[in-house]
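Fold and contact review
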Amino acid sequence: MLERVLYHDHCFDGAASAAYFSRFIAGAIHPAAEFRYTGMAHKAAQMFDPGLFDGDENAIVDFKYCSDPRLTWWFDHHQSAFLNAEDAEHFRRDTTGRKLYDPSYKSCTAFIARVAGVRFGFSAPELDDLVAWSLVIDGAQYPDAKTAVELGAPAMKLTLVIEAAKGSDIVQKIIGWMQRRTLTDIITEPEIQSLYEPLYQRHVENKAIIQSRARETDGVVFFDLTGNDVEGYNKFIPYYLFPNSTYTVSVSPSSFRTKISVGSNPWAAQEPRHNLATICERYGGGGHARVGAISLPPGELEKARQIAAEIVTELKT
């Protein structure tokens, strides 16, 4: 039994979701299943290649829905979970009970764990720490920006590796380790340490780059990372640098997209009023109420800057 698992790549909750789902399937459904993983990234023209679904069963976790009839399992918690109205309707007509969606969950890992326990009687108490950290990291449940940026805990160090490492091979190795090993044990792996050290130095450099580029106006921080070779950064850095801000908007080009990131300060004095996923959906993006993103094709910097400027203006009102 080959189980193909498509997961949100370079995301702690995506990796943890794939790990918990795999334990659940092996423990409650198919004990002899063989798992293979495919990392998924949000792109401007988001489509699912039919060749992705090559398993006896195929699953998507922590990523958008697909109406391909070969999709067996689906778990997601993003507000923007459907590529179009047809996919949303296809999901509503599903009667398998194996395609599940709940945007109220702060992490997809916690959602999978809850469903696996309540509906299928599966539990893996040794993974409780993994579930707990998925809620902290994906739900931005840190006590303050300093904790989120200074990366003290093993899970936060591992998040840096997952988010910034080139390619998907190491992420998929981590998914395998997450199923049986503690986060403290994983971060001490020599292979992980050799990746973490230079990535941490880059993280420190990113703080300096963002500080030099960012400007705050009326509670909104904006910065453009073009020309700095920064494909990803810790999303809490702006609130670490500008603790009184409410929102952040940034433009960052990469090899496969031009990204506009939109976020809200988890520690803001006042509750943010805007639903950021709804704003991003207008431009073909999505996310959660408190954090979202828009992906344009590579090279579309001027369009990205125009969209970012429009969002900044809206967030100021």
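Above this text you will find the structure in question.
Residues numbered from 1 in each chain as written. Predicted model: local features only at pLDDT ≥ 70, side-chain atom pairs only at ≥ 80, totals over all residues. Heavy atoms only, no water.

**Some points on unusual backbone geometry**
Spelled out, the test is: Strands here are runs of E lasting at least two residues and helices are runs of H or I lasting at least four, both read from the DSSP assignment and numbered beginning at the N terminus. Three labels apply to residues, based on accessible area from a 1.4 Å probe with only protein chains included: buried if under 20% of the type maximum, exposed if over 50%, partly exposed otherwise in between.
In the Ramachandran plot, alanine 140 falls in the positive-phi region, its phi being about 50° despite a non-glycine side chain. You will see that aspartate 218, though not glycine, has its phi angle at about 50°, which is positive. Here aspartate 218 shows up in the loop between β6 (215-217) and β7 (220-224). Overall, the relative accessible area of 62% leaves aspartate 218 in the exposed class.

**Quick notes on the packing of aromatic side chains**
The line we're drawing: To pair, rings of Phe, Tyr and Trp, with the six-membered ring standing in for Trp, must have centres within 6.5 Å; the planes then decide the type, stacked if under 30 degrees apart, edge-to-face if over 60, and tilted in the middle.
Per the counting criterion, the structure on display carries 26 aromatic pairs. With 5.5 Å between their ring centres and 40° between their planes, phenylalanine 82 and phenylalanine 91 make a pair best called tilted. With a relative accessible area of 17%, phenylalanine 91 lands in the buried category. Ring-pair connections join several aromatic residues into one group, and the members of that group are Tyr20, Phe21, Phe24, Trp73, Phe75, Tyr105, Phe111, Phe120 and Phe122.

**Regarding the side chain of aspartate 87**
Our working rule: Neither His nor the chain ends is counted toward charge; the positive residues are Lys and Arg and the negative residues Asp and Glu. Take a side-chain nitrogen of Lys or Arg and a carboxyl oxygen of Asp or Glu: if they are within 4 Å of each other, that pair is a salt bridge.
Inspection of the secondary structure assignment puts aspartate 87 in helix α2 (residues 85-92). Summary of buried charges: aspartate 87 has no salt-bridge partner, and the nearest side chain of opposite charge, arginine 93, is 8.7 Å away.

**Let's talk about the sheet that holds strand β9 (residues 258-264)**
So the rule is basically this: Pairs of strands are assigned from DSSP output, requiring at least two bridges between the strands. Two residues form a contact once any of their heavy atoms are found within 4.5 Å. Note on definitions: angles span 0 to 180 degrees between N-to-C directions of axes, and those axes are lines fitted to C-alpha atoms, for helices only across the stretch in contact.
One open sheet holds the six strands; their spatial order is β6-β7-β8-β9-β11-β10, and the pairing between them is mixed. Here the strands that pair on one side only, and so sit at the sheet edges, are β6 and β10 (286-287). Bridge count between strand β8 (residues 247-253) and β9: seven bridges; the pairing is antiparallel. Looking at the pairing, serine 252 lines up with lysine 259 of β9. Lying on the sheet, helix α9 (residues 190-213) is in contact with β6 and β7; it crosses β7 at an angle near 110°. Most of the contacts of helix α12 (residues 301-316) go to β8, to which it runs at about 180°, and overall it touches β6, β7, β8, β9 and β11 (291-296).

**Some details on the pairing of strand β2 (residues 34-40)**
To keep it simple, the criterion reads: For a crossover, the right-handed case is the one in which the path from the first strand over the helix to the second runs clockwise, viewed with the strands pointing away from the viewer.
Strand direction decides the pairing type here: strand β1 (residues 2-8) and β2, joined by seven bridges, are parallel. Bridging across to β2, glutamate 3 finds its partner in phenylalanine 35. Since β1 and β2 lie parallel, the crossover through helix α1 (residues 12-29) that links them has a hand, and here it is right-handed.

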